[in-house]
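Chains, contacts and geometry: an overview
Chain residues, written in single-letter form:
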Amino acid sequence: KTNVMFLKTHKTASSTVLNIMFRFAERCNLTVALPAGQLVHLGYPKTFLASFVEEFQAIGQNYNIMCNHLRFNPSEVRKVMAANAFYFSILRNPIPLLESSYVYYKDSVPAFRISKDVNEYLASPMKYYHPEDYKQNIYARNIMWFDFGYNNNAEDNKKYIQAVLKEIEQNFHLILIADYFDESMILLKHTLCWDLDDVIYFKLNSRSQDTVQTLTLKSKERIKAWCSLDWKLYLHFNQSFWRRIEETIGFEKLEKEVNHLRTRQKELMETCLSDQEAVGKDHIKNKALLPFQSGATDILGYNLKQDLDNRTLRICQKMVMPELQYTSYLYAVQHP
């Protein structure tokens, strides 16, 4: 499948998926729906409009791939994507997700900025979270619900939640789970009829362990209540994810393929990387490959080996290229 829409959610390993999508688009010479005016995202956090896509007026419904951040709006996305497009997204357990958002957006989100640390914030979120600042505070509560286009301050009401889950199931063919990333890539590969090398990846936009804040048991329970819309979204699609694997691949085959993926990934790391792993921002030698740094995080990147032949160098460069650099590179290629 070459017409694919990926709803890129926040802090869910979605930058790694974006890199997979960009590389696939390049390999198959596909057109990517890039943000108009050389922005990084498609109008986010505004609700998506087709006019947020570069040259939409001229290209119309002839885009193959769409994967930059946007706030989902099905009727407008359909104006951009082919009628037979495949829609998928990715979710993550809201407990690690909220901690990750807290550290990453510490400086830019009012609710996070004025609390000392994540546990203090969760002890009484309403002390810091003012719904009237909701536009600045979207990362502080039910961020996935918001990315899918819904009100992240909505009341947790059973009927409403059921209706939203049903709507998401109608709009998306597949929802992956970041906590099982390799399993997700195998399921994606099968569902899209891609090759293993199409879903090989190096982890992008991850941060060093020393910036992770430890959540207390109380805080973990509080996240389930504070982000109850996201929690229910996650539980629902985590179940359907494993059901889907069982029905389409089977657990035995899944395990084999996951091992295969990890072996291939290791081979590529040995081929490409001088350090065999991601390194902190201060240790990235080529500043052109430095990922965007945010909040109190140290976003990791990679150093490539020096003596790679041209073809290998190109493959390796693309695998480690951070989101902002890759987006502007594709921009220059597609819209010279």
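Residues numbered from 1 in each chain as written. Predicted model: local features only at pLDDT ≥ 70, side-chain atom pairs only at ≥ 80, totals over all residues. Heavy atoms only, no water.

This is how the line gets drawn: UniProt positions are given in the numbering used here, feature names are shortened, and annotations may be inferred rather than shown by experiment.
Going by what an unreviewed UniProt entry lists, the protein is known as Galactose-3-O-sulfotransferase 2 and is assigned to Aptenodytes forsteri. The UniProt entry for the protein carries the following text under Sequence similarities (unreviewed entry): "Belongs to the galactose-3-O-sulfotransferase family." The record in UniProt for the protein states the following under Subcellular location (unreviewed entry): "Golgi apparatus membrane".

Side note on the overall build of the protein
What counts, and what does not: Under the scheme used here, helices are H or I runs from DSSP no shorter than 4 residues and strands are E runs no shorter than 2 residues, and both carry numbers assigned from the N terminus. Computation of the radius of gyration draws on C-alpha atoms, with the globule rule given as 2.2 Å multiplied by the number of residues to the power 0.38. Whether two residues touch is decided by their heavy atoms; if any such pair falls within 4.5 Å, the residues are in contact. Charge counting follows a simple rule: Lys and Arg are positive, Asp and Glu are negative, and His as well as the terminal groups are ignored. Every charge is mapped onto a representative atom, which is NZ of Lys, CZ of Arg, CG of Asp or CD of Glu.
What the protein contains, in helices and strands, is 15 helices and 4 strands. Relative to the globule expectation of 20 Å for 336 residues, the C-alpha radius of gyration of the protein, 20 Å, shows essentially globular dimensions. Over its C-alpha atoms, taken along the principal directions, the protein stretches across nearly 55 × 45 × 45 Å. Long-range pairs, those at least 24 residues apart, make up 72% of the contacts in the protein with a sequence separation of at least 6. Across the protein, the 41 positively charged side chains and the 38 negatively charged ones have centroids separated by 3 Å.

Things to note about the environment of Asn 303
Selection rule: Here a polar contact is recorded for every N or O atom pair within 3.5 Å, except that within protein the pair must consist of a potential hydrogen donor and a potential acceptor, and residues adjacent in sequence are included only if both atoms are side-chain atoms.
Tracing the backbone through its elements, the reader meets Asn 303 in the loop between helix H13 (251-272) and helix H14 (310-320). Distance from Asn 303 to Ser 274, taken between C-alpha atoms, is 5.9 Å for residues 29 residues apart in sequence. Here Asn 303 is in contact with Cys 272, Leu 273, Ser 274, Asp 275, Val 279, His 283, Ile 284, Lys 285 and Asn 286, once residues within four sequence places are set aside. Here the side chain of Asn 303 touches Lys 285 through a polar contact of 2.8 Å, landing on its backbone nitrogen.

Thoughts on the packing of helix H1 (residues 14-27) against helix H15 (residues 323-334)
Put simply, the rule reads: Lines are fitted to the C-alpha atoms to define the axes, a helix being fitted only along its stretch in contact, and any angle between axes, read from their N-to-C directions, falls within 0 to 180 degrees. Each angle is binned into one of four classes, with values under 35 degrees roughly parallel, values over 145 roughly antiparallel, values of 65 to 115 roughly perpendicular, and all other values oblique. Crossings are assigned a handedness: left-handed for a near helix turned anticlockwise from the far helix by less than a right angle, right-handed for a clockwise turn. Polarity classes work like this: nonpolar for Ala, Val, Leu, Ile, Met, Phe, Trp, Tyr, Cys and Pro, charged for Asp, Glu, Lys and Arg, and polar for all others, with Gly in that last group.
Relative orientation of the contacting elements H1 and H15 amounts to 25°, with a least axis distance of 10 Å. One element, H1, and the other, H15, form an angle in the roughly parallel class. Classified by chirality, the crossing of H15 by H1 is left-handed. Listed contacts from H15 to Ser 15, Leu 18, Asn 19, Phe 22, Arg 23 and Glu 26 of H1 are Glu 323, Tyr 326, Thr 327, Tyr 329 and Leu 330. Classifying every residue of the contact of H1 with H15 by side-chain character gives 5 nonpolar, 3 polar and 3 charged.

Observations concerning helix H4 (residues 94-104)
Under the convention used in this document: Using a 1.4 Å probe on the protein chains alone, a residue whose accessible area is under 20% of its type maximum counts as buried, one over 50% counts as exposed, and one in between counts as partly exposed.
Taking burial as the measure, the 11 residues of H4 include 10 buried ones, the bulk of the element. Listing the buried residues of H4 in full gives Pro 94, Ile 95, Leu 97, Leu 98, Glu 99, Ser 100, Ser 101, Tyr 102, Val 103 and Tyr 104. The inward-facing, buried residues of H4 abut helix H5 (110-113), helix H6 (118-123), helix H8 (143-147), helix H11 (217-226) and helix H12 (228-248). For H4, the N-terminal capping position is held by Asn 93, with its side-chain oxygen 2.9 Å away from the main-chain nitrogen of Ile 95.

Things to note about the nonpolar core
Soluble globular proteins: nonpolar side chains tend toward being buried together. Formally: Only buried residues count toward a nonpolar core. Its members are Ala, Val, Leu, Ile, Met, Phe, Trp, Tyr and Cys residues joined through side-chain atoms within 4.5 Å.
Counting 115 residues, the largest nonpolar core has Met 66, Phe 88 and Tyr 121 as the members making the most contacts within it. If we skip the residues at most four places from it in the chain, Met 66 touches Val 4, Met 5, Phe 6, Ala 33, Leu 42, Phe 48, Val 53, Val 77, Val 80 and Met 81.

Digging into the side chain of Glu 323
Within the secondary structure layout, Glu 323 lies in helix H15. Look past the residues within four positions of Glu 323 in its chain and what remains in contact with it is Lys 8, Ser 15, Leu 18 and His 69.

Section: the state of the cysteines
Put simply, the rule is: We call a pair of cysteine sulfur atoms a disulfide when they lie within 2.5 Å.
Taken as a whole and judged by the stated rule, the model has 1 disulfide. Cys 272 shares a disulfide with Cys 316; S-S distance 2.0 Å. Its torsion about the S-S bond being -75°, the disulfide of Cys 272 and Cys 316 is classed as left-handed. With Cys 272 in helix H13 and Cys 316 in helix H14, this pair connects stretches of sequence that are 44 residues apart. Side by side, Cys 272 and Cys 316 carry an identical accessibility label, which is buried.

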